Amino acid sequence: MQFGIEIDVAAFEERVDSEFVLNQWSNWSPPPPNHSTAFAIEEDVVEVRVYASEGGPKLVAAIELLSPANKDRPESQFAFVSKCESFLHRGIGLVMVDIVTSRCENMHGQLMRRLGDDDGAPVESALCVTAYRPMPQSGPSRLDVWTMPLELGDPLPQTPLWLRGGIMVPLRLEDSYHQACVDHRIV
């Protein structure tokens, strides 16, 4: 059961033309991860979901945009980190975008500590974008992490968004930000 926890942006598994996807993004590949750690992916998840119609989409990736409310109280931080941890344990790729300047809590650090990796990919800046790729393997699974510190006034980075199943989509955050400003008539 879930209580009031939502994904900011999600990618669902749908039938797509894989050749189109590969051709469109084949000219970009992410740099090596900043950090890689042993990680357990839970293949058998027990949960209850109720849908209004039969079937339904399957979650394959999530983008979490932090807000001041995610960082304002220990309970809010715990809930946010729990949600992110749940995605990763289910093998769902995650990108966490932290552009909150009014609170300095490091949510990536809290998530890595919760996963048992106290020094995993430390971030020097309070503002950052972090991409996570849970990797199931025949032996111990692992979690690859890409951290990109942000500076006010600098363009937002391009980051990998790893879809469940190992497909990578480049997430062009600056392009998305620019389009949102144009759509909302923000100078």
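To keep things clear, this report deals only with the structure shown in the data block.

**Things to note about the overall build of the chain**
Stage number 1. When you go through the chain residue by residue, the secondary structure sums to five helices and eight strands.
Stage number 2. What you see in the chain, going N to C, is helices and strands ordered as β-α-β-β-α-α-β-α-β-β-β-β-α.
Stage number 3. Taking all 187 residues of the chain together, 40% fall into the buried category.
Stage number 4. Of the accessible surface of the chain, which amounts to about 11,600 Å², a share of 53% is contributed by carbon and sulfur atoms.

**Details of the pairing of strand β5 (residues 128-135)**
It is a general feature of regular strands that their side chains alternate between the two faces of the sheet.
Stage number 1. Burial within β5 is extensive, with seven of its eight residues counted as buried.
Stage number 2. Of the pairings in the sheet, the one linking strand β4 (residues 93-98) to β5 comprises five bridges and is antiparallel in character. By the bridge assignment for β5, L94 is matched with Y132.
Stage number 3. When β5 meets strand β6 (residues 142-149), the two strands line up antiparallel, connected through eight bridges. For P134, the partnering residue across the bridge sits in β6 and is L143.
Stage number 4. Adjacent in sequence and paired antiparallel, β5 and β6 are bridged by six residues.

**Digging into the environment of T147**
Stage number 1. Along the polypeptide, T147 turns up in strand β6.
Stage number 2. Given a relative accessible area of 11%, T147 falls into the buried group.
Stage number 3. Considering only alpha carbons, one finds T147 and P33, 114 residues apart in sequence, at a separation of 8.0 Å.

**Details of unusual backbone geometry**
Stage number 1. The backbone of R185 shows a phi angle near 55°, a positive value even though the residue is not glycine.
Stage number 2. Tracing the backbone through its elements, the reader meets R185 in the segment after α5 (173-183).

**Some points on the pattern of salt bridges**
Pairs can form between side chains of opposite charge whenever their charged atoms are close.
Stage number 1. Under the counting rule described, the total for this entry stands at seven salt bridges.
Stage number 2. The shortest N-O distance in the salt bridge between R114 and E85 comes to 3.0 Å. Taken as a pair, R114 in helix α4 (residues 107-114) and E85 in helix α3 (residues 74-89) lie far apart in primary sequence, 29 residues in all.
Stage number 3. Where R142 meets D144, a salt bridge forms, and the shortest distance between an N and an O atom there is 2.8 Å.

**Re the nonpolar core**
Stage number 1. Ranked by internal contacts, the top residues of the largest apolar core, which has 20 residues, are L88, L94, M96, L111, L115, Y132 and L143.
Stage number 2. Elements with a minimum of two residues in this core: β3 (58-65), α3, β4, α4 and β6.
Stage number 3. Excluding residues that lie within four positions of it along the chain, M96 makes contacts with E64, L66, F80, C84, M107, H108, L111, C128, V129, T130 and Y132.
Stage number 4. Grouped together as the second largest cluster of nonpolar side chains are 18 residues, I63, V129, M148 and L171 included.

The rules behind these values
- Residues numbered from 1 in each chain as written.
- Predicted model: local features only at pLDDT ≥ 70, side-chain atom pairs only at ≥ 80, totals over all residues.
- Heavy atoms only, no water.
- Helix = DSSP H or I, 4+ residues; strand = E, 2+ residues; numbered from the N terminus.
- Buried < 20%, exposed > 50% of the residue type's maximum accessible area, 1.4 Å probe, protein only.
- Areas by Shrake-Rupley, 256 points an atom, 1.4 Å probe, with all protein chains shown as cover.
- Pairing = 2+ DSSP bridges.
- Salt bridge = Lys/Arg side-chain N within 4 Å of Asp/Glu carboxyl O.
- Core = buried A, V, L, I, M, F, W, Y, C linked by side-chain atoms within 4.5 Å.
- Contact = heavy atoms within 4.5 Å.

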